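For reference, the chains in residue letters:
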Amino acid sequence: MSASKRLLYIANHRVFWTSIWRRKVTTWSPVGAAFNAKPLRRLESFDKNVGLFGVPELNSPAGFEVATKKALKDTQELLDKVCSSPPGVVTVESFDQLSDGLCKVADLADFVKVAHPDPSFRDAAEKTCIEIGTVVEKLNTNVDLCRSLKNLLDEKKVLDQLDPETRKVAELFMFDFEISGIHLDEKQRKEAVKLHVQLLDLSNKFLMGSHLPNRIAKSAIPEHIHRHFATEGSYVQIGGLHAESSDDLVREIAYRIFLYPNADMMDCLDDLLKCRNKLAKLVGYESYAHRALQGTMAKTPETVMKFLQSLTDKLSDRYNIEPSLYSPFFSLGSCMEGLNNLFTQLYGVSLNSEHPSAGEVWNEDVHKLVVVHETEGLLGYIYCDFFQRADKPHQDCHFTIRGGRQCQESGQYQLPVVVLMLSLPHPTKSAPTLLTPGMMENLFHEMGHAMHSMLGRTRYQHITGTRCSTDFAEVPSILMEFFAADYRVVNQFARHYQTGQPLPQNMVTRLCESKKVCGAADTQLQIFYSALDQIYHGEPQNRSTTDILKDTQQKFYGLPYIPNTAWQLRFGHLIGYGAKYYSYLMSRAVASMVWKQCFVKDPLNRDMGERYRREMLAHGGGKEPMLMVEGMLQRRPSIDDFVEALVSDLNPDFETFIMDSTS
């Protein structure tokens, strides 16, 4: 039987994991079986290479150049069309088509440059990102292009005929022009483009550097802990904090070495912050934070700092669980089965495992899911890059490869394509991949992003799925964490991979309560990160980023700064979430309110699932975020409501606490 046929057999038949020593059997559904099976090596030598994600040009690194040239050629043709057409709905459709053509190449390249195991693919993708990014910034300051959109927005009779979604998309495109400096004179516009290009380069350099390991001579650390780290000749490489290690010395050495200051990275961060501030001032904003927060729920840096300070004032530090006791109940297949069951009950959506074509995926252990609605049919595709490998970032992420949109040129709906990237251990000879509670929660979190992408069936890709306000984009993913902590949901899938025994309810309860014990400290840490991000992107200060970190840590976090460390150099979120890191906290507050008001009584209620899709998921970025929240909650929450929602989540159940202590 060929490798492809074996994988199809696994995906379409029930298979069994059998413990040799216990002789107990657990049976999984097709999607659970597919993810619990060990990956089989694909024999693709005689199959046609369809290219990454089915894009024919991308069957080799050189294909990126071909795809880029084609995208830029199509862009020029659309540019001519937009600038010569009379104002109307076709103006917005052409803008979105232009944006889609560039995004389909740039977003795919953005993923490949960090995730592909082949350096030649990564290098080609990085070159594409820079080339298309430069073109995008030039388009954002193109006067003729902006004028065609302004003519539409200024013509009230035509504007009044647009549907709300089309009008919102037109306003968002105009917003992009404004924050890029379209109102400046020609010399200043060129300066703005130059700064944007500099930022692309600095952002890429900082992001790549933030993931690189530090190394130290083997002789400098005790020999008995060498085995915990990767080795390179006479050095050990330390690529993370090793926070889950039970050895205090391993954690301390990892912390001090991994966070040791790097002069080049210090300069890079300084240049990045200066460049962002210079750009913000050039286009008319008080600071980069003021520019970045336009269009969010928070609106201004002052509101963010008020939120963070109020939350800090309310928090006070308040039973640990052993992850290894839970992992046998959380096989990867059982968790995927649980997600499939949950989505079926809430939305009528199923996840189906499909064997990828030759060349479609970048590593043989990548799974492909086909997302299908019971009446609407095919919704899109999710590629699951779940397992650890060399040179892969240790970061759980959701990537949009292609956004959904209604294609006016073909009349078809362009199906969304996304990638979920995790760093899970590989299955062994005797067991499938077993997840810790934290890994299971992260899986649910990232799948929340994926469902946002699948269910946000917008007309325009510019606002599809997660392409919305940053402080709203995390709501669907964080809400999934509440489902992952509810016994009525967990009981549907958490079964011992050997015996089939369900996870006892008291273990789920203790797991939830254990989070609350350290929850205040975790929340305070997020406040510290958020405040540091705001201060870095506020008015420039005549002192180092490390000195700013020291002061901010003292004010917003209980633990002291460790000398000769520079945690900010590992803060990769400064790139994608610059001045917006607070979004995690604000989104968690919204998710908490939605959970308590809409799902806590019955987390599997189909009517509420449909309402949630209709009010919050379906619009993507096509509706003001606070209006979506208001539509779901039937009220408009205040800053105090956000703070109270986060604080109330940390209130312990003392009955459970006492029960756990006595046991």
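Residues numbered from 1 in each chain as written. Predicted model: local features only at pLDDT ≥ 70, side-chain atom pairs only at ≥ 80, totals over all residues. Heavy atoms only, no water.

In the annotation of an unreviewed UniProt entry, the entry for the chain reads Mitochondrial intermediate peptidase, and the organism field reads Esox lucius. Quoted verbatim from the Subcellular location (unreviewed entry) field of UniProt, the annotation for the chain is "Mitochondrion matrix". Note on the chain: under the UniProt heading Subunit (unreviewed entry), the record states "Monomer." (UniProt positions renumbered as here; feature names shortened; annotations may be inferred.)

Mean pLDDT over the chain stands at 90; residues scoring 70 or higher make up 92%. Counted against residues more than four places away or in other chains, residues 1-25, with its pLDDT under 50, gives 54 contacts. (pLDDT = per-residue confidence, 0-100. Contact = heavy atoms within 4.5 Å.)

All right, on to the state of the cysteines then. For the coordinates displayed, the defined rule picks out zero disulfides. The thiol sulfur of Cys468 is not disulfide-bonded, and the nearest other cysteine sulfur, from Cys103, lies at 15 Å. Judged by its relative accessible area of 17%, Cys468 is buried. (Disulfide = S-S within 2.5 Å. Buried < 20%, exposed > 50% of the residue type's maximum accessible area, 1.4 Å probe, protein only.)

All right, on to unusual backbone geometry then. Of note, the phi angle at Phe53 is positive, near 55°, even though the residue is not glycine. Assignment of secondary structure puts Phe53 in the loop between helix H2 (30-36) and helix H3 (63-84). What makes Phe53 buried here is its relative accessible area of 12%. Even without glycine at this site, His242 takes up a positive phi of about 50°. Look at His242 and you get partly exposed, because its relative accessible area is 29%. (Helix = DSSP H or I, 4+ residues; strand = E, 2+ residues; numbered from the N terminus.)

A few words on the packing of helix H15 (residues 332-347) against helix H16 (residues 437-455). Between H15 and H16, whose axes approach to 11 Å, the crossing angle comes to 40°. Comparing the axis directions of H15 and H16 gives the class oblique. Here the hand of the crossing between H15 and H16 comes out right-handed. Of the residues in H16, those touching H15 at Leu332, Cys335, Met336, Leu339, Leu342, Phe343 and Tyr347 are Met440, Leu443, Phe444, Met447, Met451 and Leu455. When its residues are assigned to classes, the contact of H15 with H16 shows 13 nonpolar, no polar and no charged. (Axes fitted to C-alpha atoms, helices over the stretch in contact; angles between N-to-C directions. Parallel < 35°, antiparallel > 145°, perpendicular 65-115°, else oblique. Left-handed = near helix turned anticlockwise from the far one by under 90°. Nonpolar A, V, L, I, M, F, W, Y, C, P; charged D, E, K, R; others polar.)

With mixed pairing, five strands are arranged side by side in an open sheet as S6-S7-S8-S12-S9. Either end of the sheet is taken by a strand with one partner, and the two such strands are strand S6 (349-354) and strand S9 (397-402). The sheet shows a mean angle of 25° between the axes of neighbouring strands, taken without regard to direction. The pairing of S9 with strand S12 (residues 417-424) spans five bridges and is antiparallel. Each residue of the ladder has a partner; that of Cys397, found in S12, is Met421. (Pairing = 2+ DSSP bridges.)

A few words on the domain arrangement of the chain. Domain assignment breaks the chain into domain 1 (52-183), domain 2 (200-294 + 539-577) and domain 3 (327-528 + 580-659). If you average the C-alpha positions of domain 1 and of domain 2, the two centres end up 33 Å apart. Facing twelve residues of domain 1, the contacting portion of domain 2 comprises seven residues. At the boundary of domain 1 with domain 2, total buried surface from both sides reaches about 800 Å², with 60% on carbon and sulfur atoms. Among the residues domain 1 hides against domain 2, the three largest losses belong to Lys113, Phe175 and Ile179. Together they make up 48% of the total. Counting across the interface, domain 1 meets domain 2 through zero salt bridges. Where domain 1 packs against domain 2, one counts four residue pairs in polar contact (both at pLDDT 80 or more). Of all elements in the fold, only helix H4 (89-115), helix H5 (119-139) and helix H8 (164-180) reach the threshold of two or more residues within the side of domain 1 that touches domain 2. (Domains from an automatic or database assignment. Buried area = accessible area lost by both parts, 1.4 Å probe. Salt bridge = Lys/Arg side-chain N within 4 Å of Asp/Glu carboxyl O. Polar contact = N/O pair within 3.5 Å; in protein donor to acceptor, adjacent residues only side chain to side chain.)

Turning to empty space enclosed by the protein, a few remarks are in order. In this structure, the second largest cavity encloses a volume near 50 Å³. Surrounding the second largest cavity, Tyr347, Gly448, Met451, His452, Pro476, Leu479, Met480, Tyr612 and Leu617 form its lining. Elements with a contribution of two residues or more to the lining of the second largest cavity: H16, helix H18 (475-484) and helix H24 (606-617). Across the lining of the second largest cavity, the residue classes tally to seven nonpolar, two polar and no charged. (1 Å grid on protein atoms, 1.4 Å probe; cavity = no way out; pocket = protein on both sides within 12 Å on 5 of 7 lines; lining within 4 Å. Points joined across faces, edges and corners; volume = space filled by probe spheres on them.)

Our focus in this paragraph is the pairing of strand S7 (residues 367-373). Successive residues of a regular strand alternate their side chains across the two faces of the sheet. Most of S7 is tucked away: six of the seven residues are buried. Summarising the sheet, S6 and S7 pair through six bridges and their orientation is antiparallel. Counterpart to Asn352 in the pairing with S7 is Val370. As paired elements, S7 and strand S8 (residues 377-387) share seven bridges and run antiparallel to each other.

Here we come to the sheet that holds strand S4 (residues 230-232). As summarised here, the arrangement of the three strands in space is S3-S5-S4, forming an open sheet in which the pairing is antiparallel. Edge positions in the sheet fall to strand S3 (214-217) and S4, since each has one partner strand and no second. Along the sheet, successive strands turn relative to each other by an average axial angle of 35°, direction set aside. Bridge count for S4 against strand S5 (residues 235-238) is three bridges, and the pairing is antiparallel. Its bridge partner being in S5, Thr231 is matched across the sheet by Val236.

A few words on the layout of surface pockets. By volume, the second largest pocket amounts to about 660 Å³. Along the walls of the second largest pocket sit 29 residues, with Val55, Gly101, Lys104, Val105 and Arg402 positioned nearest its centre. Top contributing element to the lining of the second largest pocket by residue count: H4, with seven residues. For the lining of the second largest pocket, the residue count by class is 13 nonpolar, five polar and eleven charged. Lining the lining of the second largest pocket are residues from two domains, each supplying at least three of them: domain 1 (52-183) and domain 3 (327-528 + 580-659).

Next up on the list: the pattern of salt bridges. Counting across every chain of the model gives 40 salt bridges. Lys392 is paired through a salt bridge with Asp385; the nearest N and O atoms lie 3.0 Å apart. With a relative accessible area of 4%, Lys392 lands in the buried category. Within the structure, one salt-bridge network assembled from shared partners comprises Asp96, Asp100, Lys104, Arg405 and Glu409.

As enumerated under the stated definition, the model contains 28 aromatic pairs in all. Between Tyr529 and Phe571, the aromatic rings sit 5.7 Å apart at their centres with planes inclined by 45°, giving tilted as the arrangement. Placement of Tyr529 in helix H20 (residues 505-536) and of Phe571 in the loop between helix H21 (545-556) and helix H22 (573-576) is noted, with a sequence separation of 42 residues between them. There is no split in this pair, since Tyr529 and Phe571 are both buried. An aromatic cluster is built from Phe528, Tyr529, Tyr557, Trp567, Phe571, Tyr577, Tyr581 and Tyr584, whose rings are joined through pairwise contacts. Directly above the ring of Tyr235 sits Arg215, whose terminal nitrogen or CZ lies 3.9 Å from the centroid. Here the guanidinium or amino end of Arg570 rests over the ring plane of Phe258, the centre of that ring lying 3.7 Å away. (Phe/Tyr/Trp six-rings, centres within 6.5 Å; stacked < 30°, edge-to-face > 60°. Lys NZ or Arg CZ within 6 Å of the ring centre and 35° of its normal.)

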